[in-house]
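Notes for the structure review
Chain residues, written in single-letter form:
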Amino acid sequence: MPEPAATSTGRRSELLRIAATLFAEKGYTFTTVRDIADAAGILSGSLYHHFDSKESMIDEILSTFQEELFAAYDAVLASDADARTKLDRVVRLSFEAIDQHPAEVAIFQNEAGHLGTFERFGYLADRAAQSRHVWVTLLREGVETGVLRADLDIDLVYRFIRDTVWVAVRWYRPGGALSHRDVADQYLTILLEGIAHA
């Protein structure tokens, strides 16, 4: 007898959560279908009632997470706020993503280069380009409107922001002494005001 739709959907979400944790901790290549099934307390064959492959699981994990994140970014870009406020919001959204979706962020950081060599995951390069567009647009808008310094090397600053924000997934611990809001506050202070006395 088939599972009720609500139960099946809930089980599918739980399996994706378990898979995401394992992919983040062990790596996609080194995580087997059996590992996922064992962690879920089911037989490997039962996993195929929900997903046709391990590849389908990581595809759904990454695509769902990124759709949510970039929808939030797009809403900020489309807002009437000034460039500094938009930059503040995008930084905070990014740290919030690390807090709420640490496994998904870690998977993207660790696996995008490898997965991107496969046609199915071609969208990962598109998302990377879209991410660059978000940050570069905000930085240029900030320079043009005078809220950021005119002598900034936009591409270099973008690289600094990208790498310093997302690498936080390696050390930030949800539920730890610092909340994602605390980390974002400190980061924005360093980014926008510096750490030296004027």
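Scroll up to find the structure.
Presented here is a report on the structure given in the accompanying data block. These numbers come from a predicted model, not from an experiment.

1. Points about the nonpolar core
Counting 32 residues, the largest nonpolar core has Y73, F95, I98, W135 and W166 as its most contacted members. Put simply, the parts of the chain that give this core at least two residues each are α4 (54-77), α5 (83-100), α6 (102-115), α7 (123-144), α8 (154-166) and α9 (180-193). The residues touching I98, leaving out its near neighbours within four places in the chain, are V105, V165, W166, A168, V169, Y172 and P174. Of all hydrophobic cores here, the second largest spans 23 residues; its members include A20, F23, V33 and L47.

2. Side note on the packing of aromatic side chains
According to the stated counting rule, one finds five aromatic pairs in the structure shown. Here F70 and Y73 contribute two aromatic rings whose centre-to-centre distance is 5.4 Å and whose plane-to-plane angle is 90 degrees, an arrangement assigned as edge-to-face. Here F70 and its partner Y73 are both found in helix α4, three residues apart, which amounts to about one turn of the helix. Neither residue differs from the other here; F70 and Y73 are each classed as buried. Lying over the aromatic face of Y28, K54 brings its terminal NZ or CZ to 4.3 Å of the ring centre.

Quick notes on the rules
- Residues numbered from 1 in each chain as written.
- Predicted model: local features only at pLDDT ≥ 70, side-chain atom pairs only at ≥ 80, totals over all residues.
- Heavy atoms only, no water.
- Core = buried A, V, L, I, M, F, W, Y, C linked by side-chain atoms within 4.5 Å.
- Buried < 20%, exposed > 50% of the residue type's maximum accessible area, 1.4 Å probe, protein only.
- Helix = DSSP H or I, 4+ residues; strand = E, 2+ residues; numbered from the N terminus.
- Contact = heavy atoms within 4.5 Å.
- Phe/Tyr/Trp six-rings, centres within 6.5 Å; stacked < 30°, edge-to-face > 60°.
- Lys NZ or Arg CZ within 6 Å of the ring centre and 35° of its normal.

Interpretation note: all reported values are geometric properties and have no functional meaning in isolation.
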